[in-house]
There are 2 protein chains.
Amino acid sequence: MTGVRERARVATTAEIMRLARGQLAVEGAAGLSLRAIARDLGMVSSAIYRYFASRDELLTALIIDAYDRLGAAVEDGERSVRRRTDFLARWRHATHAMRQWAMDHPAEWALLFGTPVPGYAAPQDTIPPATRYTVVLVTILTDMSAAGHRHDVAVPKAIRADLSRLRSQLGTDAGDTSLLIGLAAWSAVMGAINLELFGHLHNVVEEPGALFDAVVEQHGRTIMGTVPGGEPSERA
Amino acid sequence: MTGVRERARVATTAEIMRLARGQLAVEGAAGLSLRAIARDLGMVSSAIYRYFASRDELLTALIIDAYDRLGAAVEDGERSVRRRTDFLARWRHATHAMRQWAMDHPAEWALLFGTPVPGYAAPQDTIPPATRYTVVLVTILTDMSAAGHRHDVAVPKAIRADLSRLRSQLGTDAGDTSLLIGLAAWSAVMGAINLELFGHLHNVVEEPGALFDAVVEQHGRTIMGTVPGGEPSERA
DNA sequence: CAAAAAGCGAGAGCACTGCTCACATTTCTC
DNA sequence: GAGAAATGTGAGCAGTGCTCTCGCTTTTTG
């Protein structure tokens, strides 16, 4: 089955990815050098092209890999909440897992959510892994919807079509208000992480984690909404 | 006074900046090529270094310039609100000016708020222009505070020191709750713009403008808070 | 089992990049 | 007008992504 060549190929491919991730962490996406990887590998530069047809292809592999590891981290974080009806805790854990992963892998986070590499168009196969962490968030919304949580926010007409398309696309029962609030919360969380990671909180806030917590709590409370017949969902 | 040389120098410098902005728009920050600029200018590549000591220095000039133009755009947008006590309108106009400027100058926005250029550390002189657009936002908060608007949000202990430092640094009277709510709103707005600009709303939302509006409205309502003695300003 | 095919690494080469340096020319200042 | 400062030239260094040809080795096929 696994011939000598086949095994060597996967090993070399993995090693290239490993070195590339290392470079990414040090230099960022712009500093990703195929030649440097080849050098570290003890190969001549052109040999790399047997494994990745281009720099962009290696970039795609790194992006898919990063999305996947982020997704796994968020899944793990959210899953660690035992009381599955404690939606606020699930929201907190999911978002904290996002931030933690971002802080632990800043260059990879930047690769995913920072400035797009100019001239690079992410191929279709990045989409499934890219949705992985969002599925966790959407599932919380869906479960809340099933548990009877409701929101009363004005939904602008202009976005209604998008929301109903999203609903079927995501396969959720969450209503327009829930979806909209979820999108807004997502925005806020991504914004807070990016501001911190990209250095815009320097000279603004010494404890970015505390600001992040506040953002998460504020939107968490909004997301909780009201469950009809139950007391309003209090708590900080 | 203005000798031939002096005049030629500012003209050439301006021309370099103009060409650089053009390149930025097409290729992004990573594709900024001093040699290409020199070529377009009809000079030999090394001559550029008489005007900018390095690529980073040119980048700094571009960043300062971009911050300044963004600041002016936000100022203009916010100033166009005639009823200065209509704080919601001021918030709407300021944030819409931000988004509009981002959409009109995506590469420059990315330069300011996207992935930091690796190995590049923005020097101190970028700070004043960087604060320009934020001053507009803070001023709205300050004016609201003076008009008696209050918020009742839990302020985590961990961020209190930051908030009081911020208050004196910004020279505002806004309370902890107001500042915190302002920071969160800022986060959300930045997040929404970046998600849209960096392509993360593709296949999610067809009308990113409508989502942005919803985010602005949601936080706008929170920012409004309550003015004691006045009717409560609705709720989200 | 031998021949053909496919995979892989080496090395040279192209066009590009940021940046440095010695040199000539032009402009400003004393 | 002489010296100093500013400016442009052109060669050169080290680096990049990528292509192509050439051998060698492993795998597949008849």
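Because the structure is a prediction, the values reported are computed rather than measured.

## Quick notes on the overall build of chain A
So, step 1. Along chain A, the regular secondary structure elements total nine helices and zero strands.
So, step 2. Overall size of chain A, expressed as C-alpha extent along the three principal axes, is 70 × 50 × 40 Å.
So, step 3. Looking at chain A alone, contacts between residues at least 24 apart form 68% of all its contacts between residues at least 6 apart.

## Focus: the protein's contact with DNA strand C
So, step 1. Around DNA strand C lies a shell of 22 residues, among which Val-44 and Ser-46 of chain A together with Gly-3, Ser-46 and Arg-55 of chain B are the nearest.
So, step 2. Of all elements in the fold, only α1 (4–27) of chain A together with α1 (4–27), α2 (34–41) and α3 (55–79) of chain B reach the threshold of two or more residues within the surface near DNA strand C.
So, step 3. When its residues are assigned to classes, the surface near DNA strand C shows eight nonpolar, seven polar and seven charged.

## Overview of the protein's contact with DNA strand D
So, step 1. Around DNA strand D, a shell composed of 22 residues is seen, among which Gly-3, Arg-35, Ser-46 and Arg-55 of chain A together with Ser-46 of chain B lie nearest.
So, step 2. If you list the elements that add at least two residues to the surface near DNA strand D, you get α1, α2 (34–41) and α3 (55–79) of chain A together with α1 of chain B.
So, step 3. Residues belonging to the surface near DNA strand D are distributed by class as follows: eight nonpolar, seven polar and seven charged.

## Some details on the interface of chain B and chain A
So, step 1. Taken together, the contact between chain B and chain A spans 41 residues of the former and 41 residues of the latter.
So, step 2. Counting only elements with at least two residues in the side of chain B that touches chain A, the list comes to α5 (106–113), α7 (160–170), α8 (176–197) and α9 (208–224) of chain B.
So, step 3. Of the residues assigned to the side of chain B that touches chain A, the class counts are 26 nonpolar, 10 polar and five charged.

## Some thoughts on the confidence of the model for chain A
So, step 1. Of the residues in chain A, 96% have a pLDDT of 70 or more, and the chain-wide mean is 94.
So, step 2. Confidence scores differ between elements of chain A, with α1 of chain A showing the lowest mean pLDDT of 94 and helix α4 (residues 87–104) of chain A the highest of 98.

## So, the packing of helix α4 (residues 87–104) of chain B against helix α6 (residues 127–146) of chain B
Residue and element names in this part refer to chain B.
So, step 1. Relative to each other, α4 and α6 sit at 170°, their axes nearing to 10 Å. Relative to α6, the element α4 lies roughly antiparallel. Of the residues in α6, those touching α4 at Phe-87, Arg-90, Trp-91, Ala-94 and Met-98 are Tyr-133, Val-136, Leu-137, Ile-140, Asp-143 and Met-144.
So, step 2. Each residue belonging to the contact of α4 with α6 can be placed in one class, and the counts come to nine nonpolar, no polar and two charged.

## Let's talk about the environment of Leu-170 of chain B
Residue and element names in this part refer to chain B.
So, step 1. With respect to the helices and strands, the residue Leu-170 is situated in helix α7.
So, step 2. By the C-beta count within 10 Å, which is 19 here, Leu-170 ends up partly exposed.
So, step 3. Between the C-alpha atom of Leu-170 and that of Thr-134, which follows or precedes it by 36 residues, the distance is 9.8 Å.

## A word on α9 of chain B
Residue and element names in this part refer to chain B.
So, step 1. Across its 17 residues, α9 extends 24 Å between first and last C-alpha, which sits within 8% of the 24 Å expected from 1.5 Å per residue.
So, step 2. Among the 17 residues that make up α9, 14 are buried, leaving the element largely enclosed by the rest of the structure.
So, step 3. Looking one or two residues past α9, Gly-225 carries a phi angle of roughly 60°, positive in sign.

Here is what the cut-offs are and how they apply
- Residues numbered from 1 in each chain as written.
- Chains lettered and ligands numbered in written order.
- Predicted model: local features only at pLDDT ≥ 70, side-chain atom pairs only at ≥ 80, totals over all residues.
- Helix = DSSP H or I, 4+ residues; strand = E, 2+ residues; numbered from the N terminus.
- Contact = placed C-beta atoms within 7 Å.
- Near = placed C-beta within 6 Å.
- Nonpolar A, V, L, I, M, F, W, Y, C, P; charged D, E, K, R; others polar.
- pLDDT = per-residue confidence, 0-100.
- Axes fitted to C-alpha atoms, helices over the stretch in contact; angles between N-to-C directions.
- Parallel < 35°, antiparallel > 145°, perpendicular 65-115°, else oblique.
- Buried ≥ 20, exposed ≤ 12 C-beta atoms within 10 Å, placed from the backbone.
- Expected span 1.5 Å × (residues − 1).

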